[in-house]
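Descriptive analysis of the structure
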Amino acid sequence: MTPLYYDLHLHSCLSPCGDDDMTPANIVGMAKLKGLDVIAITDHNSCQNCVAAMFHAKQHDIILLPGMELTTAEEVHVICLFSELVPALAFDAYVSKQILPIKNREDIFGKQQILDKQDNVVGTIEHLLIHATNISFDDVFPLVESYGGIAFPAHVDKPSNSLLSNLGFIPPTSTFQSAEFHDLKHLHKLQKKHPYFETCNIICNSDAHYLEDIHEPEYRLFAASKKETDILMALERKG
């Protein structure tokens, strides 16, 4: 098995809450500087900045998984990851039609910037990305799988926009194999209260909105190889 230092929940300047310095080039550069092996760009309800980020990842020999932090109808955040850009963008196109077309207010929520390979702003998304979609928590997992990706609930230990804070329980129909904790000090307490987590692959991501918050090389996952498909399989491996 190949050990890989990871951070699989990073927001670029496309997320309205993401700092303007969180450009694709800067994110990849910081990940390289910190010694990470694999990262994922997971903006709110969009994959549009994954195009430029994957270009920079190849230049720096870093594995980048295109992804998204989807907001379900219940306002639960779910990380969706893909091994390739094409299905990620196809999923992006589907999700963009499932959000209320409420215009973003940059003065209130922040900019939603799409950047090219040179970190130039080439567009913006007009509708507010942090709104809930009409995709339910139960439906998001088979939906992402139909696009060739995997999904897992984000920051389950946070007091807002998480599985436990918004639903209060783990649905009995749940099939996710990984769960993201923001702080592992909460792990044993929540495993005792919710035994489902005892069967999950527990991962810890930064949810970084600023460059300095990207994780140091502290957390590792073990995959059969450095191939993107093997990394996704590691996250889906039972237990």
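Quick look at the structure, then. (Residues numbered from 1 in each chain as written. Predicted model: local features only at pLDDT ≥ 70, side-chain atom pairs only at ≥ 80, totals over all residues. Heavy atoms only, no water.)

Our focus in this paragraph is helix 2 (residues 50-59). Every buried residue of helix 2 is listed here: Cys50, Ala52, Ala53, Met54, His56 and Ala57. As for helix 2, its buried residues are in contact with helix 1 (24-34), strand 2 (38-41), strand 3 (63-71), helix 3 (85-96) and strand 5 (113-115). (Buried < 20%, exposed > 50% of the residue type's maximum accessible area, 1.4 Å probe, protein only. Helix = DSSP H or I, 4+ residues; strand = E, 2+ residues; numbered from the N terminus. Contact = heavy atoms within 4.5 Å.)

On to the state of the cysteines, then. According to the stated counting rule, one finds zero disulfides in the structure shown. Summary of cysteine pairing: Cys17 is not part of a disulfide, and the nearest cysteine sulfur, belonging to Cys13, is at 11 Å. Judged by relative accessible area, which is 34%, Cys17 ranks as partly exposed. Just so you know, Cys204 is unpaired, no disulfide at all, and the nearest cysteine sulfur is the one on Cys200, 15 Å from it. (Disulfide = S-S within 2.5 Å.)

This part is about a nonpolar patch on the surface. On the surface, Ile108, Phe109 and Ile130 cluster together to form a nonpolar patch covering roughly 250 Å² of accessible area. With respect to the helices and strands, the residue Phe109 is situated in the loop between helix 3 and strand 5. A residue is classified by how much of its surface remains accessible, and Phe109, at 34% relative accessible area, is partly exposed. (Patch = residues over 30% accessible without salt bridge, like charges linked within 9 Å, V, L, I, M, F, W, Y side chains within 5 Å. Areas by Shrake-Rupley, 256 points an atom, 1.4 Å probe, with all protein chains shown as cover. Salt bridge = Lys/Arg side-chain N within 4 Å of Asp/Glu carboxyl O.)

The next point concerns the sheet that holds strand 4 (residues 77-81). Read across the sheet, six strands follow the order 7-4-3-2-1-10 without closing on themselves; strand pairing throughout is mixed. Both outer strands of the open sheet, strand 7 (150-153) and strand 10 (220-223), are each paired with one neighbouring strand and no more. Neighbour-to-neighbour, the strand axes of the sheet open up by a mean angle of 35°, direction not taken into account. Each of strand 3 and strand 4 touches helix 3; the most contacted strand, strand 3, lies at about 15° to it. Together, strand 3, strand 4 and strand 7 form the strand contacts of helix 4 (residues 137-146), whose direction differs from that of strand 7 by roughly 155°. (Pairing = 2+ DSSP bridges. Axes fitted to C-alpha atoms, helices over the stretch in contact; angles between N-to-C directions.)

What follows deals with the packing of aromatic side chains. Here the structure, examined in full by the defined rule, presents eight aromatic pairs. Centre to centre, the rings of Phe91 and Tyr147 are 5.4 Å apart; their planes meet at 70°, and the pair counts as edge-to-face. With a gap of 56 residues between them, Phe91 in helix 3 and Tyr147 in the loop between helix 4 and strand 7 connect regions that are remote in the sequence. Since its relative accessible area comes to 23%, Tyr147 is described here as partly exposed. An aromatic cluster is defined as three or more aromatic residues linked by ring pairs; in this entry it consists of Phe82, Phe91, Tyr94 and Tyr147. (Phe/Tyr/Trp six-rings, centres within 6.5 Å; stacked < 30°, edge-to-face > 60°.)

Counted under the stated rule, the structure contains five salt bridges. Residue Asp107 pairs with Arg105 through a salt bridge whose shortest N-O separation is 2.7 Å. Arg105 sits in the partly exposed class, given a relative accessible area of 43%. A salt bridge links Lys185 to Asp183, with the shortest nitrogen-to-oxygen separation between them at 3.9 Å. Residue class for Lys185 comes out exposed when judged on its relative accessible area of 65%.

In the Ramachandran plot, Asp61 falls in the positive-phi region, its phi being about 55° despite a non-glycine side chain. Even without being glycine, Asn161 reaches a positive phi, approximately 55°. Here Asn161 shows up in the loop between strand 7 and helix 5 (163-166). Judged by relative accessible area, which is 25%, Asn161 ranks as partly exposed.

One ladder, built from three bridges, connects strand 5 with strand 6 (residues 121-124); its direction is antiparallel. Note that in strand 6 the partner of Leu115 across the bridge is Val121. The antiparallel pairing of strand 5 with strand 6 creates a hairpin that spans five residues between the two strands, and Asp119 there sits at a positive phi of about 65°.

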